[in-house]
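Architecture and fold: a report
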Amino acid sequence: MKTSVELQGPFMYMIIWVIFSVIFIAAVVAAQIILRKKLGDRLKREKQIRIKKIAESTLEGKKKKYIGELICIESDLMKNRITIRAAYQKMSKCIRGFVREVTGLNVDKYSLSEIKSVGIPDLTRLVSEYYEPEFARESRTDVRGSIMRTRQTIEGWRR
């Protein structure tokens, strides 16, 4: 009996497919190594912090705006509209907003360690001072002194 089907050689198992697979895997590994070296060097470099310069008249306007916010915070605190914790949270938001507007740095989203790396000692000192009362349920701190120090920092800010 004769059939119309003829068997073919095992073309799927030719050595060329194994060679192509090995070359492909080697290319992928080499690309990974090269990219990691190039990107790794780029990621290890410290980011340069660019602080923008603003006009003196603009700076004075920003100072008045944020000192006004501090006056509102102090007024609300004295009239028992807000708690000490809320006052510290608002002060933190206030000083971070001021620094963001006068420097262009988005410090309102920075953690304390990121703020320390920016290199603005007054901001670092104030945010450090706010941390404990800002996150504690109860705190025995001098909130009026903190408001005064925040105000002095804003008033003494230089371009």
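These numbers were taken from a predicted model, which means no experiment stands behind them. (Residues numbered from 1 in each chain as written. Predicted model: local features only at pLDDT ≥ 70, side-chain atom pairs only at ≥ 80, totals over all residues. Heavy atoms only, no water.)

Attention now goes to the overall build of the chain. Helix and strand content of the chain: six helices and zero strands. Going residue by residue from the N terminus, the α and β elements of the chain occur as α-α-α-α-α-α. With 159 residues in all, the chain has 30% of them scored as buried. Taking as baseline every contact in the chain between residues at least 6 positions apart, the subset at least 24 positions apart corresponds to 67%. Summing over all exposed atoms, the chain offers an accessible surface of approximately 12100 Å²; the carbon and sulfur share of this is 58%. (Helix = DSSP H or I, 4+ residues; strand = E, 2+ residues; numbered from the N terminus. Buried < 20%, exposed > 50% of the residue type's maximum accessible area, 1.4 Å probe, protein only. Contact = heavy atoms within 4.5 Å. Areas by Shrake-Rupley, 256 points an atom, 1.4 Å probe, with all protein chains shown as cover.)

Core analysis: the largest hydrophobic core is formed by 31 residues, its most contacted members being Ile73, Met91, Ile95, Phe98, Val99, Leu123 and Ile154. Among the elements of the structure, helix H2 (56–78), helix H3 (84–103), helix H4 (112–118), helix H5 (121–135) and helix H6 (143–155) are those that each provide at least two residues to this core. Residues contacting Ile95, with those up to four places away along its chain left out, are Leu123, Leu126, Tyr130, Thr150, Thr153 and Ile154. (Core = buried A, V, L, I, M, F, W, Y, C linked by side-chain atoms within 4.5 Å.)

In this section: the packing of aromatic side chains. Scanning all chains against the criterion turns up three aromatic pairs. Centroid distance Tyr66 to Phe98: 5.7 Å. Interplanar angle 75 degrees. Geometry classified as edge-to-face. With Tyr66 in helix H2 and Phe98 in helix H3, this pair connects stretches of sequence that are 32 residues apart. Their ring planes at 85 degrees and their centres at 5.6 Å tell us that Phe98 and Trp157 sit as a pair that is edge-to-face. With Phe98 in helix H3 and Trp157 in the segment after H6, this pair connects stretches of sequence that are 59 residues apart. For the residue pair Phe98 and Trp157, the accessibility class agrees, reading buried in each case. (Phe/Tyr/Trp six-rings, centres within 6.5 Å; stacked < 30°, edge-to-face > 60°.)

Note on placement: Thr150 falls in helix H6. Along the backbone, Thr150 and Val127 are 23 residues apart, and their C-alpha atoms lie at a distance of 9.8 Å.

Together, Met14, Ile15, Ile16, Trp17, Val18, Ile19, Phe20, Val22 and Ile23 give the surface a local cluster of nonpolar side chains, amounting to about 890 Å² of exposed area. Its location among the elements puts Ile19 in helix H1 (residues 15–44). By relative accessible area, Ile19 is classed as partly exposed at 41%. (Patch = residues over 30% accessible without salt bridge, like charges linked within 9 Å, V, L, I, M, F, W, Y side chains within 5 Å. Salt bridge = Lys/Arg side-chain N within 4 Å of Asp/Glu carboxyl O.)

Next up on the list: the pattern of salt bridges. In total, this model carries ten salt bridges according to the counting rule given. Taking the shortest distance from any N to any O, the salt bridge between Lys63 and Glu60 comes out at 3.6 Å. Taken as a pair, Lys63 and Glu60 lie in helix H2 at a separation of three residues, close to a single helical turn. Overlapping salt bridges bring together Lys62, Lys65 and Glu101 as one network.

Interpretation note: all reported values are geometric properties and have no functional meaning in isolation.
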